[in-house]
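# Notes for the structure review
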Amino acid sequence: MSIFRRRKFESEMEAELRFHLESYRDDLVRSGMDPREAERQARLAFGTVEATKDQCRQAWGLERLDELRADLRYALRGLRRNPGFAAVAVLSLALGTGVNTAIFGLTDAVLLRPLAVRDPAGLVFIQNAGAEGANGGPPYPCFELLRDQASAFQGLAAFSSSNLEVQIDDRRELARGEYVSGNFYDLLGIRPLAGRALRAADDRTPEQGGPDGPVAVISHNYWQRRFGGSREAIGHSFQMGESTVTIVGIMPSGLMSLEPGRPVDIAVPMMLSDAASLRNRGAWWLEVVGRLKPGVRLERARAQADALFQGFMGGLEISPEVRRLYFDRIQLAPAGGGTDALRTRFAAPLAALMLLSGLVLLAACVTVANLMLARATARAREFAIRLAIGAGRGRLIRQALAETLVLMGAGAALGTLLAVQGEAALARYFAAGNNPIVLDLSLDRRLLFFALAIAVATGVACGLVPALRAVRIAPGAGMQLSSRTVSGSRESARTGRALVVLQVGLSMVLLAGAGLFLRSLRQLQSVDPGFARQGVLTMDVAPEHADFGSVAWMTVQRRILDTVGGLPGVRSASWSSMTPLNGRDRGEVLEIPGYSPPTEEARRVHLAYLSPEYLATLGTPLLKGRNFTARDRPGSPAAALVNESAARFYFGQGDAIGRKIVFAHKPGKPAYEIVGVVRDSRHQGPRGEPWRFVYLPVLQAIDPVSRLTLSVRTAGNPQALAVAVVKSVQAARSTLLVSNISTIEKQVELSLMKERLVSTLSTAFAAVALVLSCIGLYGMLAYAVARRTAEMGIRMALGATAGQTMRLILREALILAGSGILLGIVPVAGIARLAHALLFGVTWSDPFAFAGAILILLVFAALAAAVPARRAGRLDPMTALRCD
Amino acid sequence: MKPPVELVQGTLDMLILKAVSLGGLHGYGVLLRLQQLTGGQLQVPQGSLYPALYRLEKQGLIASEWGESENHRKARFYALTPAGRKRLKAETDSWSRFSLLVAGILGASPEET
């Protein structure tokens, strides 16, 4: 009942009763009674007004509410009187709730939540699979075949991500793009926020689109960022290659494509992509998604798609080995959650984090339980007295419940606040860098429910049970309690000690776990990558489409290196088709005269183009032979470098230099002679074996050179030179498109994103658990000093020194901490085994992690013991003996 | 005049329902009507009238409304609801049967052999 309705109830009751009294009095006066006597008689006949009111309230069912309100008030007052208790309990609950809600939110966004498409369960990816697993969808002509003939599906749509070079209002820009078949949004049931979505009709003729000409939709985020949310964005057109594309609609940002986490700015119909790729029967660049017809079994749909696919493959020239490895059959995979890339990448780290945050919650629970237990023990006498003077046990239980409720409520509220902060920080962490992962980590109803459920479960499990136990006390026994005769509290002291040991054990697990993750991050960072991590600025530079592979582009490249190389603070500058860890890759198939490959796989290498300055700029040493020079240009003999891994793989102990390389799929190209061997560069990151690489001079590339990466080695902070370098690039040619400005160092850091996530968060979790166990330890020891004051007084009176008394307390601390440490060792081993996929270069029994954790725990245990121990040492024997 | 009779436990609700059934009344009116109907012989504790009224209203047997009393003051008037009417009938029936039984028992004379 609201306060206002309650007020109305009270005033109406008051008026009604007054009316009764006054009417009776008036009647008595009318019958001749003296007014004052009448007033007295009326009151007498009515009885106690307040009692009547109470009965009325009860009859109306208000007393329960009143009591609840009183209980809550009482609980608040009680907590205000014990601010330390209240603060620690609320904070523990908040940390437990907040940490778990935030991690659950992340897990939900990455792993659990289906995309907001129509009937996600009916969607499947149609993938080619072979001995090497599934790898994307079939070529476009095969997609058309499936779309038109696979009757088990309501419809099939294709999509493919690609960076799009667009020109908006005369400015060249790079947008994150998506090619989608016209029916894509329709099939998924995704509606536009404004304007219209793409339709099947928009995707009819190559390069033209449909009746409205080339059209595109943009994401809500891009609309805000690029067009300032202006209504005029719809109908606006931009240039893409030869086409003038009109924006027709704005789509929800998370549903531009089916790749969770990957932001997409612009989506255009398939027909606007490269016409040759659309016709190519051997180009594997699509993802294909289908919606099953209701009632059609998965296997039937697969068999039907597979039959069509096998027919298509029959007409394709492809080596049986490659076919067996990659394109053997069609496989269906659930598509309601989008593609798997993000999930695969973060499944293990998130599982580990869920586990660790669960331990933090457990530590928080133990803290709260211990506090409640101590509080119940302290209040045993109070409860006994109240029971003795007639309080109902039910009422006492309700009061205990109210106190728990207040703590839980405050904990949940604060925890939710914490979770919101955490989610924001996590979202920022994931969105950093040139390949951001955009996650929707806003607090939704699911998360709120989760937070509340955790708080309630914790509160009930840890708060209520001790409180109920306290109420069960027998009044007679309870009243005799004093600090000297602690009957009944021996048991609770034992429980308290056990809880503290458990807390220390949990801290041990979390600290050693964090130690393992930190150590393995350090190990990853110390792997020699084969290039210099510091002091290299990188940026992508792209000429206009017409200039791809042109002499003019080569000339501009030279000019840029000259001007940038001359900038103050620049040591050297170079061009390459990729830099380590920038996410780009290029594979080729080799033929080496005099070498017979044992498998098809053995012919595959990674390929990059380099300018002669590259080795010096990236700090990659030349091991044998010579580097590229300016003389390695079109027309001169074709030269190649290989890395150590490739040299060892193809030539073993023999000399690589002088051997020839032929590119199997580039028939017109000459044989390249290997002129040098360079140190392995870990392009893919510190894990695994380095890739086999063949490097060619940019000027002798096997296909038209388009976008290149400019790397600049600087004397100082590379970021500081970014503006100057971009200026010189654009001074050389104003139409050049510069994008992805970064540093090698930043890219190395981003490549260790999940490792840093796990180690940072597990360290934070460990810190929380450590603080909680220090509080628990401190509380337990302070209580021990208070309880044993009289005993210590006797000891001191009998000649014990202050030092001996202090040692008593320190020994207690050591026993508690030591037991906890022992308790924690076995679970750490278990967790490390579970998480071994996340570890690198450390084993589960890593001595540094373990020794570090033990040392930290002992130091903090000593700190927690210091204050109570000093208090014990300073006891005055006379006062101690006299104490109650 | 005979001395006043004390209320039998548990009958107040029934009496109030009956009083209200004869036409809408305020609380004081209920008291007056009960006294009038019993010729002033029934002792109704005035204070206990109101908790009973509140209880009956909460149970939905009577409904209240603010109006003006005969002496032009604001008062809360009670009236029987359909549910109240049903209850009153049921209570009346069971009471008559009960009182007959009681009367029968109390009126029995020792059996003559």
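Remember, it's a predicted structure, so these values are computed and weren't measured experimentally.

Reading the values: the criteria
- Once a new chain begins, its residue numbering starts again from 1 and follows that chain's sequence as written.
- As they are written, the chains are lettered A onward and the ligands numbered 1 onward, keeping that order.
- A pLDDT threshold of at least 70 governs which residues receive local features in this predicted model, and a stricter bar of 80 or more applies before side-chain atom pairs are shown or counted, although totals over entire chains, interfaces and linings include all residues.
- Calculation of side-chain values draws on the structure's entire complement of heavy atoms; hydrogens and water are dropped beforehand.
- Whenever a carboxyl oxygen of Asp or Glu lies within 4 Å of a side-chain nitrogen of Lys or Arg, that contact is scored as a salt bridge.
- Starting at the N terminus, helices and strands are each numbered in turn, a helix being any DSSP run of H or I of at least four residues and a strand any DSSP run of E of at least two.
- Throughout this description, buried means an accessible area under 20% of the type-specific maximum (1.4 Å probe, protein chains only), exposed means over 50%, and partly exposed covers the range between.
- Any pair of residues with heavy atoms lying within 4.5 Å of one another is described as a contacting pair.
- Buried area: the accessible area, evaluated with a 1.4 Å probe, that two parts lose upon being put together, summed over both parts.
- Under the rule applied, a polar contact is a pair of N or O atoms within 3.5 Å (in protein, one hydrogen donor and one hydrogen acceptor; residues adjacent in sequence only if both atoms are side-chain atoms).
- For this classification, Asp, Glu, Lys and Arg are treated as charged, while Ala, Val, Leu, Ile, Met, Phe, Trp, Tyr, Cys and Pro are nonpolar and the rest, including Gly, are polar.
- Here, a strand pair is defined by DSSP locating no fewer than two bridges between the strands.
- Between N-to-C directions, angles span 0 to 180 degrees; the directions come from axes that are lines fitted to C-alpha atoms, helices contributing only their stretch in contact.
- Nonpolar core, defined: a set of buried Ala, Val, Leu, Ile, Met, Phe, Trp, Tyr and Cys residues in which side-chain atoms within 4.5 Å join the residues together.
- As a per-residue measure, pLDDT tells how confident the predictor is, with possible values from 0 to 100.
- Stacked, edge-to-face and tilted labels apply to pairs of Phe, Tyr and Trp rings (six-membered ring for Trp) whose centres lie within 6.5 Å, assigned for plane angles under 30 degrees, over 60, and everything in between, in that order.
- Note on criteria: charge over ring means Lys NZ or Arg CZ within 6 Å of the ring centre, with the direction from the centre no more than 35 degrees off the ring normal.
- Patch building starts from residues that exceed 30% relative accessible area and form no salt bridge, then joins like charges within 9 Å and nonpolar side chains (Val, Leu, Ile, Met, Phe, Trp, Tyr) within 5 Å.
- Calculation of accessible area relied on Shrake-Rupley with a 1.4 Å probe; when residues are assessed, cover is drawn exclusively from the protein chains displayed.
- The charge count treats Lys and Arg as positive and Asp and Glu as negative. His and the chain ends do not count.
- Charged side chains are reduced to one point each, which is NZ for Lys, CZ for Arg, CG for Asp and CD for Glu.
- The reported arc concerns the directions from the helix axis to the C-beta atoms and nothing else.
- Orientation labels follow simple angle bins: below 35 degrees gives roughly parallel, above 145 gives roughly antiparallel, 65 to 115 gives roughly perpendicular, and whatever is left gives oblique.

### Examining the pattern of salt bridges
All names here are of chain A. Counted by the stated rule, this structure contains 54 salt bridges over all chains. The partner of E12 in a salt bridge is K8, with the nearest N and O atoms 3.5 Å apart. Here E12 and its partner K8 are both found in helix α1 (residues 3-30), four residues apart, which amounts to about one turn of the helix. As a salt-bridge pair, K666 and D703 come within 3.7 Å of each other at their nearest N and O atoms. Of this pair, K666 sits in the loop between β18 (660-663) and β19 (672-678) while D703 sits in the loop between β20 (693-697) and β21 (708-714), and the two are 37 residues apart along the sequence. The class for K666 is partly exposed, based on a relative accessible area of 24%. Its relative accessible area of 22% is what places D703 among the partly exposed residues.

### Some details on the interface of chain A and chain B
Where the parts come together, the accessible area they lose is often given as the size of the interface. The partner chain B presents 22 residues to the 19 residues of chain A that form the contact. Of the roughly 2,000 Å² buried at the junction of chain A and chain B (both faces included), carbon and sulfur atoms supply 59%. Considering only the surface of chain A that becomes buried against chain B, E16, F19 and W60 of chain A emerge as the three largest contributors, covering 37% of it. Inspection of the region where chain A meets chain B yields three salt bridges. Among the ionic pairs, E12 of chain A bridges to R76 of chain B, the shortest N-O distance being 3.7 Å. Joining chain A to chain B, the criterion identifies ten residue pairs in polar contact (both at pLDDT 80 or more). Within the residue set of the side of chain A that touches chain B, elements represented by two or more residues are α1, α2 (35-46) and α3 (49-59) of chain A. The leading source of residues in the side of chain A that touches chain B is α1 of chain A, at twelve residues. Residues that form the side of chain A that touches chain B fall into these classes: eleven nonpolar, four polar and four charged.

### So, the sheet that holds strand β2 (residues 25-26) of chain B
Hydrogen bonds between backbone atoms are what pair the strands of a sheet, whose relative direction is either parallel or antiparallel. In spatial order, the strands read β2-β5-β4 (chain B); together these three strands make up an open sheet with antiparallel pairing. Edge positions in the open sheet fall to β2 and β4 (62-68) of chain B, since each of these has one partner strand only. Note that β2 of chain B and strand β5 (residues 74-80) of chain B share two bridges and pair antiparallel. Across the sheet, residue L25 of chain B finds its bridge partner in β5 of chain B, namely Y78 of chain B. On top of the sheet, α1 of chain A reaches β2, β4 and β5 of chain B; it is set at about 95° to β5 of chain B, its chief contact.

### As for the nonpolar core
Residues and elements named next belong to chain A. Ranked by internal contacts, the top residues of the largest apolar core, which has 91 residues, are L106 and F765. Considering every element that reaches this core, the biggest residue donor is helix α12 (residues 341-378), with 16 residues. Apart from residues lying up to four places away in sequence, L106 is in contact with L350, E423, L426, F430, L439, L441 and L757. Listed in part, the 51 residues of the second largest apolar core include V124, A194, M240 and F309.

### Some thoughts on the environment of G799 of chain A
Residues and elements named next belong to chain A. Position of G799 relative to the elements: it lies in the loop between α24 (789-797) and α25 (802-834). Residue class for G799 comes out exposed when judged on its relative accessible area of 53%. For the pair G799 and N717, spaced 82 residues apart in the sequence, the C-alpha separation amounts to 67 Å.

### Concerning the confidence of the model for chain B
Residues with a pLDDT of 70 or more make up 95% of chain B, whose mean pLDDT is 85. Complex prediction metrics read pTM 0.79 and ipTM 0.89.

### A look at the packing of aromatic side chains
Two descriptors summarise a pair of aromatic rings, namely the distance from one centre to the other and the angle between the planes of the rings. Residues and elements named next belong to chain A. The final tally for this structure, using the stated rule, is 22 aromatic pairs over all chains. Centre to centre, the rings of F184 and Y185 are 5.1 Å apart; their planes meet at 85°, and the pair counts as edge-to-face. Taken as a pair, F184 and Y185 share a single burial class, namely buried. The interplanar angle of 85° and the centroid separation of 6.2 Å between the aromatic rings of Y222 and F227 together place this pair among those described as edge-to-face. For Y222, a relative accessible area of 4% puts it in the buried group. Here R226 stacks its cationic end above the ring of F227, 5.6 Å away from the centre of that ring.

### Examining a positive patch on the surface
A surface patch of positive charge is lined by R69, R73, R77, R80 and R81 of chain A. Under the relative-accessibility criterion, R81 of chain A is labelled exposed at 62%.

### Notes on helix α22 (residues 744-751) of chain A
All names here are of chain A. Residues I744, Q747 and V748 constitute the buried set of α22. One face of α22 carries all of its buried residues, which in axial projection span an arc of 105°. On its buried face, α22 is in contact with β12 (536-542), α19 (614-618) and β22 (737-743).

### Here's the deal with the packing of helix α1 (residues 12-21) of chain B against helix α3 (residues 46-58) of chain B
All names here are of chain B. Where α1 contacts α3, the two axes come as close as 10 Å, and the packing angle between them is 75°. By the angle between their directions, the pair α1 and α3 is classed as roughly perpendicular. Residues L12, D13, I16 and L17 of α1 pack against S48, L49, A52, L53, R55 and L56 of α3. Residues that form the contact of α1 with α3 fall into these classes: seven nonpolar, one polar and two charged.

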